[in-house]
Amino acid sequence: MKQRQSRHHTQLLCCIIHSNTTEITMKISAAFAALLASSSQVAAFAPAKLSVRYSTSIRSVTAAQKEFFGITDAAPALSQDELKQMVGYKSVDDYVKSGMVVGLGTGSTAYFAVERLGQLLKDGTLEDIVAIPTSIRTKEQAEELGIPLVTLDTHSKLDVAIDGADEVDPDLNLVKGGGGALLREKMVEVCADKFIVIVDESKLCDGLGPGFPLPVEITPFCHEHTIRTIAALPSCEGCDAVLRMGSSSSNVNDGDEIAITDNGNYIVDLHFKEAIKDAPTMATELKNTVGVVDHGLFCGMTTAVIIAGSDGISVKE
C-alpha cells in the first residue's frame, strides 16, 4: 500500500513539474526581480514589467500547483473606481495652475477631479482658483472641500474644464449626460479654453450610440409630442426614445415619477442598435427641434482625453 502511494506521489510530482517548468522559471524570475528591486537604481523598472507577465501566466495554474510550488497570486487588477481616481487626479495635476478659472464636471469620474482640486487648494499647492460647478451635487461637493465657486454670470471665460464621458469615439466626439447634467455641463465646458475628458478604457468605442443611450433634455410642456418629433428625425431613425423615470442622475428606470433635471426639465434617452452615422448632423437636428433644450452629443469640443487602462494611463489629443 505504501509503495503504491509512493509511486502515486512520484507520478503526481513529475506531472506537476513537467507541466509547470515555465511557471517555476517565472517564479524564479519574479523572485530575482524582487531582490533587484531593493536597489534604488532598478526599482522603477524591473518589478512592474515582470508583474504583468506573471499575473497573466498565473491564471492557468491550479490551486494545488500554486500550493506545491509556493506560488502566490499577483496583485489584483485595479478596480474601475481606482482607474477613475487615477485619471481624475492626473487631469488636475497636469492641467490646472494657480490663478485659473476651472469648470467642474459631474459624475463618478469627475468626482475625483473635484476631490483632487480640493486637496491641492488645502495644502497650498494651488492658489487663487475659482471654479464653476456643472450640477447641484458637484456644487455641494466643492463647497464641502472649500473650493471657491463662481458662475458664468461673473466668469464667462474658463481656462480649463474637466469632466467624464459616457462614450468617446475615435474623433473624440462624446456622449455625455448619463448623470443628467448635460445642459449645465455643455454650457460650462463650451466656454473653456481647454476641455479635458477623463475616462477609463471601457468608455472608448468605434461609434457612438449602441454602447450608451444618448440623453436629450426636453421641456415638460407637451413632452410626448417632443419625444415623437425626436424619434422621427432622419438622423435618429431606428432609435427607441425612452422617457427617463425616477432619478435624473441615472438612465436606469428606478422610480415611478418622471425624472426632473436640475433645470426642471425632462430627459429622453435615445437607444440605438447601430452606431450613429453622423454625430454632428444629429447634434444639429436635435438642437433645431422645438422642445429640445439640449442633447448629450459633445462634438468638436474635446482638447484631450486622459484614459486609464490595464496598461496604465494614456492621453489622446
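Note that the coordinates shown come from a computational prediction; the quantities given were computed from them, not determined experimentally.

Between helix α5 (residues 80–95) and helix α6 (residues 110–122), whose axes approach to 8 Å, the crossing angle comes to 50 degrees. By the angle between their directions, the pair α5 and α6 is classed as oblique. Handedness of the crossing formed by α5 with α6: right-handed. Contact residues: α5 offers Asp 81, Lys 84, Gln 85, Gly 88, Tyr 89, Ser 91, Val 92 and Asp 93, while α6 offers Phe 112, Ala 113, Glu 115, Arg 116, Leu 117, Gln 119 and Leu 120. Of the residues assigned to the contact of α5 with α6, the class counts are 6 nonpolar, 4 polar and 5 charged.

Ordered by their spatial adjacency, 3 strands build an open sheet running β4-β5-β11, and the pairing between neighbours is antiparallel. Among the strands making up the open sheet, the edge pair consists of β4 (167–168) and β11 (297–298). Here 2 bridges tie β4 to strand β5 (residues 174–175), and the two strands are oriented antiparallel to one another. Paired with Glu 167 across the two strands is Val 175, which belongs to β5.

Below, the discussion takes up the sheet that holds strand β6 (residues 192–200). Taken in spatial order, the 6 strands line up as β2-β1-β3-β6-β12-β13 in an open sheet, and their pairing is mixed. Every other strand in the sheet has two partners, leaving β2 (130–133) and β13 (312–316) as the edge strands with one partner each. In this sheet, neighbouring strand axes are inclined to one another by 20 degrees on average, regardless of whether the strands run parallel or antiparallel. By the bridge criterion, 5 bridges tie strand β12 (residues 304–309) to β13 in an arrangement that is antiparallel. Residue pairing across strands places Ile 306 opposite Val 315, the latter belonging to β13. The sheet strands contacting α5 are β3 (158–163), β6, β12 and β13, and the helix crosses β6 at an angle near 160 degrees.

For the structure on display, the rule yields 9 salt bridges. Of the charged contacts, one joins Asp 193 and Lys 157 as a salt bridge, the two residues approaching to 2.8 Å between their closest N and O atoms. In this pair, Asp 193 is assigned in strand β6 and Lys 157 in the loop between α7 (136–144) and β3, connecting sequence segments 36 residues apart. By relative accessible area, which is 44% here, Asp 193 ends up partly exposed. The class for Lys 157 is exposed, based on a relative accessible area of 55%. The salt bridge partner of Lys 176 is Glu 185, with a shortest N-O separation of 3.3 Å. Given a relative accessible area of 3%, Glu 185 falls into the buried group. Taken together, the salt bridges that share partners define one network made up of Asp 163, Lys 176 and Glu 185.

Conventions used here
- Residues numbered from 1 in each chain as written.
- Predicted model: local features only at pLDDT ≥ 70, side-chain atom pairs only at ≥ 80, totals over all residues.
- Heavy atoms only, no water.
- Axes fitted to C-alpha atoms, helices over the stretch in contact; angles between N-to-C directions.
- Helix = DSSP H or I, 4+ residues; strand = E, 2+ residues; numbered from the N terminus.
- Parallel < 35°, antiparallel > 145°, perpendicular 65-115°, else oblique.
- Left-handed = near helix turned anticlockwise from the far one by under 90°.
- Contact = heavy atoms within 4.5 Å.
- Nonpolar A, V, L, I, M, F, W, Y, C, P; charged D, E, K, R; others polar.
- Pairing = 2+ DSSP bridges.
- Salt bridge = Lys/Arg side-chain N within 4 Å of Asp/Glu carboxyl O.
- Buried < 20%, exposed > 50% of the residue type's maximum accessible area, 1.4 Å probe, protein only.

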